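Listed here are the chains, written in short residue letters.
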Amino acid sequence: MTDVTGAPADVLHTLFHSDQGGHEQVVLCQDRATGLKAVIAIHSTALGPALGGTRFYPYATEAEAVGDALNLARGMSYKNAMAGLDHGGGKAVIIGDPERDKTEELLLAYGRMVASLGGRYVTACDVGTYVADMDVVARECRWTTGRSPENGGAGDSSVLTAFGVYQGMRASAQHLWGDPLLRGRRVGIAGVGKVGHHLVRHLLDEGAEVVITDVREDAVRRILDQHPEVTAVADTEALIRSEGLDVYAPCALGGALNDPTVPVLTARVVCGAANNQLAHPGVEKDLADRGILYAPDYVVNAGGVIQVADELHGFDFDRCKAKAAKIFDTTLAIFARAKEDGIPPAAAADRIAEQRMAEARGGHAAR
């Protein structure tokens, strides 16, 4: 079923009528000369200009691309609110295979599309886009972050993303065991790429025992060559069933916490860098029912967005690291709110973020 524009009706229903919608603006972008097809979704500007990355991905359908943009933009509103940033949530997706379809001309055309929004949306890197791509986009759009240091940016944001996840783990340990130290704790990391390999170093420096897995053999080999004391297992299935696991850190794809994995998870804490770890609503309750403490992903992995937001004010690493260190306190506050309200931590985080956005909207209305 389609509407009068030919768009699937369920997409418009999501946008205008469902709890997953409520977006302020969705822009469909096309430049036939370069082959650009993109969707820019702005969920909220209550706290400030929407901030979120650009995903370049070969979606099966245009409707799938729109749906992904809507979900990701909404998630960024919550992430930015919980990170204490003066930014709302937005996200863009470019439809295509980045290995085949990405060109300088296409990225410049995309930059013009973002610039046409006049600063309502600030873009950055995401899946399929990199620092070098943002340097190109920035030639047409000053509302671009995640650029290289040579072009006035902060470069790779994975360092602070990993630092924030580490702070979330420390807060989880404090809440569950009464001590933030991870020395002697057994931590399993699924995915040791850009963020995961930095996380390994933080944990080893504190004296934790680290177990890893990754679908890429070269990523595992890099860790084992640098840190022979680390243990590797065959796959995520083996990792989550590892005996004596204290903390599980999903740092690869989303949906890591689902109906098959939650019942067999041995860890007492889940705290990782991957986005959208809960495969569907209700998984957060399943974790709580098993006595597993879940540190909401969009809270603990906010170090990267803290970094790219700081770029807009003249990047200062120490200032960013100090702000990312506050993820420890934010995570503890979420656990306290969850206990007080008798709800899972994921629901508590949503409530706190929604409260901050509502208060900001109320302030706008008063003015």
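Up top is the structure these notes are about.
These numbers were taken from a predicted model, which means no experiment stands behind them. (Residues numbered from 1 in each chain as written. Predicted model: local features only at pLDDT ≥ 70, side-chain atom pairs only at ≥ 80, totals over all residues. Heavy atoms only, no water.)

Draft legend 1. Quick look at the environment of asparagine 71. Tracing the backbone shows asparagine 71 in helix α2 (residues 62-82). Relative accessible area serves as the criterion here: at 44%, asparagine 71 is assigned to the partly exposed category. Remark: the alpha-carbon pair of asparagine 71 and lysine 91, spanning 20 residues in sequence, is separated by 8.8 Å. (Helix = DSSP H or I, 4+ residues; strand = E, 2+ residues; numbered from the N terminus. Buried < 20%, exposed > 50% of the residue type's maximum accessible area, 1.4 Å probe, protein only.)

Draft legend 2. Layout of the side chain of lysine 91. Among the structural elements, lysine 91 can be located in strand β4 (residues 88-95). Overall, the relative accessible area of 6% leaves lysine 91 in the buried class. Within the local environment of lysine 91, its side chain forms a polar contact with the side chain of aspartate 126, the two groups lying 2.9 Å apart. In contact with lysine 91, other than residues within four places in its own chain, are Val39, Ile40, Ala41, Gly52, Gly53, Ala69, Leu72, Ala73, Met76, Tyr121 and Asp126. (Polar contact = N/O pair within 3.5 Å; in protein donor to acceptor, adjacent residues only side chain to side chain. Contact = heavy atoms within 4.5 Å.)

Draft legend 3. How the structure looks around the state of the cysteines. The final tally for this structure, using the stated rule, is zero disulfides. Left unpaired, cysteine 125 is separated from the closest cysteine sulfur, that of cysteine 141, by 13 Å. By relative accessible area, which is 27% here, cysteine 125 ends up partly exposed. Cysteine 271 takes part in no disulfide bond, and the closest cysteine sulfur to it belongs to cysteine 251, at a distance of 8.4 Å. A relative accessible area of 0% places cysteine 271 in the buried class. (Disulfide = S-S within 2.5 Å.)

Draft legend 4. The arrangement of the packing of helix α6 (residues 158-177) against helix α7 (residues 196-206) in detail. Between α6 and α7, the shortest axis-to-axis distance is 8 Å and the interhelical angle comes to 45 degrees. As summarised for this structure, α6 and α7 are arranged oblique, according to the angle between their axes. Where α6 crosses over α7, the handedness of that crossing is right-handed. Within the contact between the two elements, α6 uses Ser158, Val159, Ala162, Phe163, Val165, Tyr166, Met169 and Arg170 and α7 uses His198, Leu199, His202, Leu203 and Glu206. (Axes fitted to C-alpha atoms, helices over the stretch in contact; angles between N-to-C directions. Parallel < 35°, antiparallel > 145°, perpendicular 65-115°, else oblique. Left-handed = near helix turned anticlockwise from the far one by under 90°.)

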